[in-house]
Amino acid sequence: MKLISLLGNSQRLDGGAMFGNAPRALWQRWAVPDDENRIALACRCLLVETDDGRRILLETGIGAFFAPELRERFGVMEPSHVLLEALAQHGVAAADIDVVVLSHLHFDHAGGLLTAFDADQPLALCFDNAQFLVGAQAWARANAPHARDRASFIPALQALLVDSGRLVIVQGDNHPLLPDGWRLHHSDGHTPGLMLVELPTDDGPMVFAADLIPGAAWVHAPVTMGYDRFPELLIDEKTALLSDLAGRGGWLFFTHDTSIAAGKVSVDARGRFGLSETVAALPR
(Lines give C-alpha, C1' and ligand atoms only; values in the text may rest on other atoms or scores of the structure.)
Protein backbone atom coordinates (compact mmCIF):
# COMPACT_ATOMS: atom_id res chain seq x y z
CA MET A 1 0.00 0.00 0.00
CA LYS A 2 0.94 3.62 -0.48
CA LEU A 3 -0.15 6.09 2.21
CA ILE A 4 -0.54 9.75 1.29
CA SER A 5 -1.54 12.42 3.82
CA LEU A 6 -3.64 15.21 2.33
CA LEU A 7 -4.56 18.55 3.85
CA GLY A 8 -8.08 19.78 3.29
CA ASN A 9 -9.52 23.14 4.29
CA SER A 10 -8.00 24.56 7.47
CA GLN A 11 -9.90 25.99 10.40
CA ARG A 12 -9.50 28.19 13.48
CA LEU A 13 -11.56 27.36 16.59
CA ASP A 14 -11.64 28.57 20.17
CA GLY A 15 -8.66 27.15 22.07
CA GLY A 16 -10.61 26.71 25.29
CA ALA A 17 -13.22 24.62 23.49
CA MET A 18 -10.53 22.49 21.89
CA PHE A 19 -8.80 21.77 25.22
CA GLY A 20 -11.80 21.32 27.50
CA ASN A 21 -10.94 21.82 31.16
CA ALA A 22 -7.21 22.33 30.55
CA PRO A 23 -6.30 25.92 31.52
CA ARG A 24 -5.01 28.32 28.89
CA ALA A 25 -1.70 28.58 30.76
CA LEU A 26 -1.18 24.93 29.84
CA TRP A 27 -2.66 24.56 26.37
CA GLN A 28 -1.09 27.70 24.91
CA ARG A 29 2.25 25.89 25.16
CA TRP A 30 0.96 23.51 22.50
CA ALA A 31 -1.14 25.87 20.36
CA VAL A 32 -0.66 29.64 20.22
CA PRO A 33 -4.03 31.46 20.16
CA ASP A 34 -4.81 34.51 18.06
CA ASP A 35 -6.44 37.72 19.30
CA GLU A 36 -9.83 35.99 19.31
CA ASN A 37 -8.51 33.05 21.37
CA ARG A 38 -8.70 30.77 18.33
CA ILE A 39 -6.08 28.16 17.45
CA ALA A 40 -5.12 26.84 14.03
CA LEU A 41 -6.40 23.38 13.12
CA ALA A 42 -5.77 21.16 10.13
CA CYS A 43 -8.32 18.90 8.50
CA ARG A 44 -6.00 16.12 7.36
CA CYS A 45 -7.16 13.10 5.38
CA LEU A 46 -5.40 9.88 4.40
CA LEU A 47 -5.40 8.49 0.88
CA VAL A 48 -4.51 4.81 0.62
CA GLU A 49 -3.58 3.33 -2.74
CA THR A 50 -3.83 -0.43 -2.39
CA ASP A 51 -1.81 -3.10 -4.16
CA ASP A 52 -4.86 -4.11 -6.17
CA GLY A 53 -5.29 -0.60 -7.57
CA ARG A 54 -8.04 0.75 -5.36
CA ARG A 55 -8.05 4.20 -3.79
CA ILE A 56 -9.49 4.48 -0.29
CA LEU A 57 -9.92 7.89 1.33
CA LEU A 58 -10.13 8.15 5.10
CA GLU A 59 -12.31 11.19 5.84
CA THR A 60 -12.79 14.35 3.80
CA GLY A 61 -12.22 17.23 6.23
CA ILE A 62 -14.50 20.24 6.51
CA GLY A 63 -14.55 21.12 2.82
CA ALA A 64 -15.96 24.40 1.52
CA PHE A 65 -19.72 23.82 1.63
CA PHE A 66 -20.49 26.61 4.11
CA ALA A 67 -21.99 29.86 2.88
CA PRO A 68 -19.60 32.80 3.47
CA GLU A 69 -21.20 33.94 6.72
CA LEU A 70 -21.02 30.44 8.21
CA ARG A 71 -17.52 29.93 6.88
CA GLU A 72 -16.51 32.98 8.91
CA ARG A 73 -18.38 31.77 12.00
CA PHE A 74 -16.70 28.38 11.99
CA GLY A 75 -13.26 29.69 11.11
CA VAL A 76 -12.88 27.96 7.73
CA MET A 77 -9.96 29.71 6.09
CA GLU A 78 -10.24 28.90 2.37
CA PRO A 79 -13.30 29.33 0.06
CA SER A 80 -12.21 26.63 -2.42
CA HIS A 81 -12.33 22.85 -1.89
CA VAL A 82 -8.72 22.30 -0.78
CA LEU A 83 -8.94 18.50 -0.52
CA LEU A 84 -9.96 18.14 -4.17
CA GLU A 85 -7.05 20.40 -5.10
CA ALA A 86 -4.67 18.26 -3.01
CA LEU A 87 -5.93 15.09 -4.70
CA ALA A 88 -5.43 16.67 -8.11
CA GLN A 89 -1.83 17.48 -7.23
CA HIS A 90 -1.32 13.73 -6.84
CA GLY A 91 -3.01 13.03 -10.17
CA VAL A 92 -6.21 11.78 -8.53
CA ALA A 93 -9.67 13.04 -9.42
CA ALA A 94 -12.66 12.81 -7.09
CA ALA A 95 -14.17 10.23 -9.45
CA ASP A 96 -11.09 8.01 -8.96
CA ILE A 97 -11.89 7.35 -5.28
CA ASP A 98 -13.37 3.89 -4.71
CA VAL A 99 -14.19 4.03 -0.99
CA VAL A 100 -14.55 6.87 1.52
CA VAL A 101 -14.43 5.85 5.18
CA LEU A 102 -15.97 8.32 7.63
CA SER A 103 -15.16 8.13 11.33
CA HIS A 104 -18.35 10.10 12.05
CA LEU A 105 -20.49 12.74 10.36
CA HIS A 106 -19.51 15.95 12.16
CA PHE A 107 -19.09 18.65 9.55
CA ASP A 108 -15.33 19.06 10.04
CA HIS A 109 -14.83 15.39 9.08
CA ALA A 110 -17.58 14.85 6.49
CA GLY A 111 -18.12 18.30 4.96
CA GLY A 112 -15.57 17.55 2.26
CA LEU A 113 -18.02 15.05 0.80
CA LEU A 114 -19.91 18.06 -0.54
CA THR A 115 -19.21 20.43 -3.40
CA ALA A 116 -18.00 23.94 -2.63
CA PHE A 117 -20.63 26.58 -1.89
CA ASP A 118 -22.26 28.14 -4.91
CA ALA A 119 -25.22 30.44 -4.34
CA ASP A 120 -26.70 29.35 -7.69
CA GLN A 121 -26.33 25.60 -7.20
CA PRO A 122 -27.61 23.13 -4.58
CA LEU A 123 -25.10 21.13 -2.58
CA ALA A 124 -24.11 17.83 -4.18
CA LEU A 125 -21.83 14.93 -3.35
CA CYS A 126 -18.31 14.72 -4.68
CA PHE A 127 -16.71 11.29 -5.30
CA ASP A 128 -19.25 10.06 -7.83
CA ASN A 129 -17.96 6.48 -7.89
CA ALA A 130 -17.15 5.95 -4.22
CA GLN A 131 -18.95 3.86 -1.66
CA PHE A 132 -19.34 5.69 1.65
CA LEU A 133 -18.66 3.67 4.81
CA VAL A 134 -20.27 4.97 8.01
CA GLY A 135 -20.58 3.19 11.35
CA ALA A 136 -24.09 2.19 12.38
CA GLN A 137 -24.05 4.17 15.63
CA ALA A 138 -22.56 7.25 13.98
CA TRP A 139 -25.27 7.08 11.32
CA ALA A 140 -27.98 6.82 13.96
CA ARG A 141 -26.52 9.77 15.85
CA ALA A 142 -26.43 11.96 12.75
CA ASN A 143 -30.10 11.23 12.10
CA ALA A 144 -31.17 11.84 15.70
CA PRO A 145 -28.62 14.19 17.29
CA HIS A 146 -28.80 15.53 20.82
CA ALA A 147 -29.48 19.25 21.25
CA ARG A 148 -25.90 19.65 22.43
CA ASP A 149 -24.35 18.41 19.17
CA ARG A 150 -27.08 19.07 16.59
CA ALA A 151 -25.10 21.97 15.12
CA SER A 152 -22.18 19.62 14.41
CA PHE A 153 -24.11 17.83 11.64
CA ILE A 154 -25.00 18.87 8.08
CA PRO A 155 -28.80 18.59 7.65
CA ALA A 156 -28.65 17.89 3.90
CA LEU A 157 -25.87 15.30 3.98
CA GLN A 158 -27.75 12.22 5.16
CA ALA A 159 -30.38 12.48 2.42
CA LEU A 160 -27.70 12.91 -0.23
CA LEU A 161 -25.87 9.83 1.01
CA VAL A 162 -29.03 7.73 0.98
CA ASP A 163 -30.08 8.98 -2.46
CA SER A 164 -26.65 8.12 -3.88
CA GLY A 165 -27.32 4.40 -3.38
CA ARG A 166 -23.71 4.05 -2.27
CA LEU A 167 -24.06 4.42 1.50
CA VAL A 168 -22.73 1.41 3.41
CA ILE A 169 -23.61 1.08 7.11
CA VAL A 170 -20.86 -0.74 8.99
CA GLN A 171 -21.03 -2.89 12.10
CA GLY A 172 -18.27 -4.93 13.68
CA ASP A 173 -14.50 -4.65 13.49
CA ASN A 174 -13.97 -5.23 9.76
CA HIS A 175 -15.73 -4.92 6.41
CA PRO A 176 -15.25 -6.67 3.05
CA LEU A 177 -14.77 -3.35 1.23
CA LEU A 178 -11.59 -2.81 3.25
CA PRO A 179 -8.32 -4.68 2.59
CA ASP A 180 -7.31 -7.77 4.51
CA GLY A 181 -5.53 -6.92 7.73
CA TRP A 182 -7.48 -3.69 8.33
CA ARG A 183 -9.39 -3.40 11.60
CA LEU A 184 -12.09 -1.06 12.89
CA HIS A 185 -12.08 0.34 16.43
CA HIS A 186 -15.22 1.89 17.91
CA SER A 187 -15.38 4.67 20.49
CA ASP A 188 -18.20 6.58 22.19
CA GLY A 189 -16.45 9.27 24.24
CA HIS A 190 -16.35 11.98 21.58
CA THR A 191 -19.59 10.99 19.90
CA PRO A 192 -21.50 7.70 19.89
CA GLY A 193 -20.13 5.34 17.27
CA LEU A 194 -16.85 7.00 16.33
CA MET A 195 -15.18 4.52 13.94
CA LEU A 196 -11.38 4.42 13.73
CA VAL A 197 -9.49 2.55 11.02
CA GLU A 198 -6.36 0.57 11.89
CA LEU A 199 -4.18 -0.45 8.98
CA PRO A 200 -0.89 -2.34 8.87
CA THR A 201 2.33 -0.64 7.78
CA ASP A 202 5.92 -1.82 7.49
CA ASP A 203 6.66 0.02 10.75
CA GLY A 204 3.75 -1.23 12.85
CA PRO A 205 0.00 -0.65 12.92
CA MET A 206 -1.39 2.85 12.29
CA VAL A 207 -4.73 4.06 13.67
CA PHE A 208 -6.57 6.96 12.07
CA ALA A 209 -7.34 8.64 15.39
CA ALA A 210 -10.01 11.14 14.24
CA ASP A 211 -11.44 13.04 17.23
CA LEU A 212 -10.49 10.48 19.84
CA ILE A 213 -6.97 11.96 19.67
CA PRO A 214 -7.08 14.89 17.22
CA GLY A 215 -3.42 15.87 17.53
CA ALA A 216 -0.18 15.39 19.44
CA ALA A 217 -1.27 17.57 22.38
CA TRP A 218 -4.23 15.29 23.04
CA VAL A 219 -1.97 12.24 23.44
CA HIS A 220 -1.75 13.39 27.07
CA ALA A 221 -4.38 11.10 28.56
CA PRO A 222 -6.30 13.64 30.72
CA VAL A 223 -6.63 16.23 27.93
CA THR A 224 -10.03 16.23 26.22
CA MET A 225 -12.08 18.67 24.15
CA GLY A 226 -15.10 20.67 25.19
CA TYR A 227 -16.80 19.07 22.18
CA ASP A 228 -16.46 15.56 23.63
CA ARG A 229 -19.82 14.18 24.76
CA PHE A 230 -18.45 11.91 27.49
CA PRO A 231 -14.95 13.10 28.52
CA GLU A 232 -14.30 10.52 31.25
CA LEU A 233 -15.26 7.68 28.91
CA LEU A 234 -13.05 9.21 26.23
CA ILE A 235 -10.05 9.23 28.58
CA ASP A 236 -10.60 5.54 29.33
CA GLU A 237 -10.93 4.70 25.63
CA LYS A 238 -7.89 6.79 24.73
CA THR A 239 -5.80 5.20 27.47
CA ALA A 240 -6.71 1.71 26.29
CA LEU A 241 -5.83 2.51 22.67
CA LEU A 242 -2.55 4.22 23.57
CA SER A 243 -1.53 1.32 25.81
CA ASP A 244 -2.28 -1.15 23.04
CA LEU A 245 -0.38 0.80 20.40
CA ALA A 246 2.61 1.43 22.65
CA GLY A 247 2.86 -2.32 23.22
CA ARG A 248 2.68 -3.08 19.48
CA GLY A 249 4.96 -0.32 18.23
CA GLY A 250 1.96 1.44 16.71
CA TRP A 251 1.28 4.86 15.23
CA LEU A 252 -1.49 7.45 15.35
CA PHE A 253 -2.58 9.46 12.32
CA PHE A 254 -3.74 12.95 13.31
CA THR A 255 -6.53 14.85 11.57
CA HIS A 256 -6.30 18.24 13.31
CA ASP A 257 -2.62 18.69 14.14
CA THR A 258 -1.17 21.47 11.98
CA SER A 259 2.40 20.15 11.90
CA ILE A 260 2.35 16.41 12.66
CA ALA A 261 0.66 13.91 10.37
CA ALA A 262 1.55 10.81 12.38
CA GLY A 263 3.40 9.83 15.52
CA LYS A 264 4.69 6.60 17.04
CA VAL A 265 3.21 5.99 20.49
CA SER A 266 5.46 5.56 23.51
CA VAL A 267 4.98 5.31 27.26
CA ASP A 268 7.53 6.30 29.90
CA ALA A 269 8.37 4.73 33.25
CA ARG A 270 5.69 6.82 34.95
CA GLY A 271 3.02 5.60 32.57
CA ARG A 272 2.78 8.88 30.63
CA PHE A 273 2.10 8.59 26.92
CA GLY A 274 4.05 10.44 24.29
CA LEU A 275 5.40 10.20 20.76
CA SER A 276 8.85 8.74 20.20
CA GLU A 277 8.87 9.67 16.51
CA THR A 278 6.79 11.99 14.36
CA VAL A 279 6.40 12.71 10.66
CA ALA A 280 5.05 15.87 9.06
CA ALA A 281 3.57 14.12 6.04
CA LEU A 282 3.10 10.74 4.39
CA PRO A 283 4.84 9.26 2.54
CA ARG A 284 7.81 10.26 4.66
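Below or above, wherever it landed, is the structure these notes cover.

Reading the values: the criteria
- Residues numbered from 1 in each chain as written.
- Predicted model: local features only at pLDDT ≥ 70, side-chain atom pairs only at ≥ 80, totals over all residues.
- Heavy atoms only, no water.
- Helix = DSSP H or I, 4+ residues; strand = E, 2+ residues; numbered from the N terminus.
- Contact = heavy atoms within 4.5 Å.
- Areas by Shrake-Rupley, 256 points an atom, 1.4 Å probe, with all protein chains shown as cover.
- Lys, Arg positive; Asp, Glu negative; His and termini not counted.
- Charge placed at Lys NZ, Arg CZ, Asp CG, Glu CD.
- Axes fitted to C-alpha atoms, helices over the stretch in contact; angles between N-to-C directions.
- Parallel < 35°, antiparallel > 145°, perpendicular 65-115°, else oblique.
- Nonpolar A, V, L, I, M, F, W, Y, C, P; charged D, E, K, R; others polar.
- Core = buried A, V, L, I, M, F, W, Y, C linked by side-chain atoms within 4.5 Å.
- Buried < 20%, exposed > 50% of the residue type's maximum accessible area, 1.4 Å probe, protein only.
- Salt bridge = Lys/Arg side-chain N within 4 Å of Asp/Glu carboxyl O.
- Arc of directions from axis to C-beta.
- Pairing = 2+ DSSP bridges.

### Section: the overall build of the protein chain
Each helix and strand in the protein chain was counted, giving 8 helices and 14 strands. Expressed along its principal axes, the backbone C-alpha trace of the protein chain runs to roughly 55 × 45 × 35 Å. Counting contacts in the protein chain only where the partners sit at least 6 residues apart, residues at least 24 apart contribute 66% of the total. Put simply, the protein chain shows about 12100 Å² of open surface, and 51% of that area lies on carbon and sulfur atoms. Between the centroid of the 22 positive side chains of the protein chain and the centroid of its 35 negative side chains there is a distance of 6 Å.

### Let's talk about the packing of helix α6 (residues 136-143) against helix α7 (residues 157-164)
Where α6 meets α7, the closest approach of the two axes is 10 Å, and the angle between their N-to-C directions is 130°. The angle between α6 and α7 places the two elements in the oblique class. Across the interface between the two elements, Trp139, Ala142 and Asn143 of α6 pack against Gln158, Leu161 and Val162 of α7. Within the contact of α6 with α7, the residues separate by chemical class into 4 nonpolar, 2 polar and no charged.

### Examining the nonpolar core
Formed by 55 residues in total, the largest nonpolar core has its most connected members in Phe19, Leu46, Leu58, Val101, Ile213 and Leu252. A total of 5 residues in this core trace back to one element, the largest contributor, which is strand β10 (residues 194-199). Core analysis: the second largest hydrophobic core is formed by 36 residues, Cys45, Leu47, Val134 and Leu161 among them.

### Observations concerning the pattern of salt bridges
Applying the stated criterion across every chain yields a total of 12 salt bridges. As a salt-bridge pair, Arg54 and Asp52 come within 3.4 Å of each other at their nearest N and O atoms. You can call Arg54 partly exposed: its relative accessible area is 22%. A salt bridge links Asp203 to Lys264, with the shortest nitrogen-to-oxygen separation between them at 3.4 Å. Residue Asp203 is found in the loop between β10 and β11 (206-208), and its partner Lys264 is found in strand β13 (residues 262-267); the two are separated by 61 residues along the sequence. Because the salt bridges share partners, they merge into one network encompassing Arg183, Glu198, Asp244 and Arg248.

### Quick word on α6
Three or more residues of α6 are buried, namely Ala138, Trp139, Arg141 and Ala142. End-on view of α6: buried residues confined to an arc of 160°, all on one side of the axis. Against β7 (131-135), α7 and β8 (167-170) lie the buried residues of α6.

### Some thoughts on the sheet that holds strand β1 (residues 2-7)
Here we have 6 strands laid out as an open sheet, ordered β1-β4-β5-β6-β7-β8, and mixed in their pairing. If you trace the sheet from one side to the other, it starts and ends with β1 and β8, each paired once. Each adjacent strand pair in this sheet contributes to an overall mean axis angle of 20°, direction not counted. Of the pairings in the sheet, the one linking β7 to β8 comprises 4 bridges and is parallel in character. Bridge assignment links Gly135 to a residue of β8, and that residue is Val170. Running at roughly 140° to β1, helix α4 (residues 82-89) makes contact with β1, β4 (44-49) and β5 (55-58) of the sheet. Helix-sheet contacts for α6 involve β7 and β8, and the interaxial angle to β7 is about 85°.

### What about the sheet that holds strand β14 (residues 273-279)?
Strand order in the open sheet formed by 6 strands is β9-β10-β11-β12-β13-β14, and the pairing between neighbours is mixed. Strand pairing shows two members of the sheet lacking a second neighbour, β9 (183-187) and β14, which therefore form its edges. Looking at each pair of strands side by side, their axes are set apart by 30° on average, direction ignored. Looking at chain direction, β11 and strand β12 (residues 251-253) are connected through 3 bridges and run parallel. The residue of β12 that forms the bridge with Phe208 is Phe253. Running at roughly 90° to β13, helix α8 (residues 231-248) makes contact with β9, β10, β11, β12, β13 and β14 of the sheet.

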